[in-house]
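Residues per chain, in single letters:
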Amino acid sequence: MSLLNNPFDPKRDVALVTGAGNGIGRAIAQGLVGEGVRTVFADVREDTVAAAVAASPRPELAVPWVGDLASREACNALLADARSRAGMVTHFVHSAAPARREADHALAVTDETWETMRAVNVDAGFHLARELSRQLIAAREPGSFLMLTSLHAATPRNLPHYSTSKAALAMLVKELAKTLGRFSIRVNALVPGAIAAGGFIADPALARHIPLGRLGRSEDLAAMALAVLSNRISGYVTGAAFVVDGGLSLTNWFDPPVLDDFAA
Ligand SMILES: NC(=O)c1ccc[n+]([C@@H]2O[C@H](COP(=O)([O-])OP(=O)(O)OC[C@H]3O[C@@H](n4cnc5c(N)ncnc54)[C@H](O)[C@@H]3O)[C@@H](O)[C@H]2O)c1
């Protein structure tokens, strides 16, 4: 049998993806459904969740859920609904993030915007991961969690609420990985570069700084996400951060070398 066949066990595996209404979260949720995994598509927007479910390779395996994950009550409702409608979640992906607005620099961002960013990115990520891990530990079942962080967990973005929340999430991945490893629950980070996925309005000129020569697509992230989520492919991987950026993070004040003589 090929090593990469059947990365999931559809008889046992159940996924929950936040931010599944758009962009990277949608592509990951649809990819999981395509692998036969029953998946809860969670998002604050009803219209986009419905569209994401309808466009899934196997809509009958997709469970839509709508609510505002900035609220603890909504997170608890999601946990209860996921359990009753899909089963015990074995694979958790936290991709939800409030909109990033360029106007929200350090001198402008409001307390409310700061609070909401932290509540969705960090608080919901921690609360959902901890409660799901408690269920798995009680059932003595392994699990796999994936948090969408950012290159801006380590470099400023001119959006302090966003970059600090992603830095917190990156550390949360390490804390959870260290604590939950003994229960065979793996926790990793996926680190997108410049992905034209909806949440980031990309200037096509940015491609000049990307060694692979183009902006990223949601599908670029989904393929890596599925590989890292799979216990069969990545069973000995935890606490790691997978950068999927076409090489963008290699960029500094030197441009790549001029290679005209070598062009095909
Ligand atoms: N696109 C990029 O270039 C990029 C780069 C680095 C990191 N990321 C991260 O990857 C993840 C996905 O990015 P994207 O570009 O696909 O984002 P996106 O904005 O397209 O999707 C985020 C989703 O989260 C949902 N959401 C927002 N607030 C919510 C709330 N309170 N409750 C529930 N759902 C809520 C939105 O409705 C949306 O569907 C995010 O965490 C983002 O920070 C993206």
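Starting from 1, residues in each chain are numbered consecutively following that chain's sequence as written. Only residues with pLDDT of at least 70 are given local features in this predicted model, and only at 80 or more are side-chain atom pairs given and counted; all residues enter the totals for whole chains, interfaces and linings. Side-chain numbers come from the whole structure's heavy atoms, not from hydrogens or water.

Time to look at the sheet that holds strand S7 (residues 241–244). Paired strands, as defined in this entry, are two strands with at least two bridges between them according to DSSP. Going along the chain from the N terminus, every DSSP run of H or I of four or more residues is numbered as a helix, and every run of E of two or more is numbered as a strand. Spatially, seven strands are ordered S3-S2-S1-S4-S5-S6-S7 in an open sheet, and the strand pairing comes out parallel. Edge positions in the sheet fall to strand S3 (62–66) and S7, since each has one partner strand and no second. Taking the axes of each pair of neighbouring strands and ignoring which way they run, one obtains an average angle of 15 degrees across the sheet. For strand S6 (residues 185–192) and S7, the ladder comprises four bridges, and the chain directions are parallel. Bridge assignment links Val191 to a residue of S7, and that residue is Val243. Working convention: axes come from line fits to C-alpha atoms, limited for helices to the stretch in contact. Angles between N-to-C directions cover 0 to 180 degrees.

All right, on to the site of the ligand then. The environment of the ligand is made up of 30 residues, and the closest members are Asn22, Ile24, Asp43, Asp68 and Tyr162. Any pair of nitrogen or oxygen atoms within 3.5 Å is treated as a polar contact; in protein, a donor-acceptor pairing is required on top of that, and neighbouring residues in sequence qualify only through side-chain atoms on both sides. For the ligand, an oxygen atom lies 3.2 Å from a polar atom in the side chain of Arg100. A total of 820 Å² of accessible area belongs to the ligand in isolation, and the protein chains cover 92% of it. Taken together, the residues that form the shell around the ligand break down as 15 nonpolar, eleven polar and four charged. When we say a residue is near a molecule or strand, we mean one of its heavy atoms is within 4 Å of it. Accessibility throughout is a Shrake-Rupley quantity obtained with a 1.4 Å probe, and a residue counts as covered only by protein chains that appear here. In the scheme used here, Gly and all other residues not listed as nonpolar or charged are polar, with Ala, Val, Leu, Ile, Met, Phe, Trp, Tyr, Cys and Pro taken as nonpolar and Asp, Glu, Lys and Arg as charged.

Attention now moves to the side chain of Asn188. Residue position: Asn188 is located in strand S6. Each residue's exposure class comes from its accessible area (1.4 Å probe, protein chains only) as a fraction of the maximum for that residue type: buried when under 20%, exposed when over 50%, partly exposed otherwise. Judged by relative accessible area, which is 0%, Asn188 ranks as buried. Of note is the side chain of Asn188, whose polar atom sits 3.1 Å from the backbone oxygen of Val237. We call two residues in contact when some of their heavy atoms are within 4.5 Å. Those residues in contact with Asn188 that sit more than four places away from it in its chain are Phe145, Leu146, Met147, Val173, Val228, Val237, Thr238, Gly239, Ala240 and Phe242.

Where helix H1 (residues 23–34) contacts helix H6 (residues 218–229), the axes come no closer than 8 Å and their chain directions differ by 50 degrees. Taken together, the axes of H1 and H6 lie oblique to each other. For the crossing formed where H1 meets H6, the hand is right-handed. For the pair H1 and H6, contact is made by Gly23, Ile24, Ala27, Ile28, Gly31 and Leu32 and by Ser218, Glu219, Leu221, Ala222, Ala225, Leu226 and Leu229, respectively. Of the residues belonging to the contact of H1 with H6, the class tally is nine nonpolar, three polar and one charged. Here the word oblique covers every angle except those under 35 degrees (roughly parallel), over 145 (roughly antiparallel) and from 65 to 115 (roughly perpendicular). For a crossing to be left-handed, the near helix must be turned anticlockwise from the far one by less than a right angle; the clockwise case is right-handed.

Turning our eyes to something else, we now look at helix H5 (residues 160–180). In this model, H5 (21 residues) spans 30 Å end to end at C-alpha, consistent with the 30 Å of a helix rising 1.5 Å per residue. What H5 keeps buried is the set Pro160, His161, Tyr162, Ser163, Ser165, Lys166, Leu169, Leu172, Val173, Leu176, Ala177 and Leu180. Taken together, the buried residues of H5 touch strand S4 (91–94), helix H4 (111–139), strand S5 (143–148) and S6. Given a helix with a known number of residues, its expected span is that number minus one, times 1.5 Å.

Bringing the packing of helix H3 (residues 72–85) against H4 into the picture now. Close contact between H3 and H4 brings their axes to 10 Å; oriented N to C, the two are set at 35 degrees. Here H3 runs over H4; the crossing is right-handed. On H4, the residues touching Arg72, Cys75, Asn76, Leu78, Leu79 and Arg83 of H3 are Ala124, His127, Leu128, Glu131, Leu132 and Gln135. Residues of the contact of H3 with H4, tallied by class, amount to six nonpolar, three polar and three charged.

Take the packing of aromatic side chains next. Working definition: rings of Phe, Tyr and Trp (its six-membered ring) pair if their centres are within 6.5 Å, and the pair is stacked with planes under 30 degrees apart, edge-to-face with planes over 60 apart, and tilted otherwise. Under the counting rule described, the total for this entry stands at two aromatic pairs. Residues Phe92 and Phe145 carry aromatic rings whose centres are separated by 5.7 Å and whose planes lie at 85 degrees to one another, so their mutual orientation is edge-to-face. You can see Phe92 sitting in strand S4 and its partner Phe145 sitting in strand S5, a full 53 residues away along the chain. For Phe92, a relative accessible area of 0% gives the class buried. Assessed through its relative accessible area of 1%, Phe145 is described here as buried. Ring centres 6.0 Å apart and planes at 40 degrees place the aromatic pair Trp253 and Phe254 in the tilted group. Residue Trp253 shares its accessibility class with Phe254, and that shared class is exposed.

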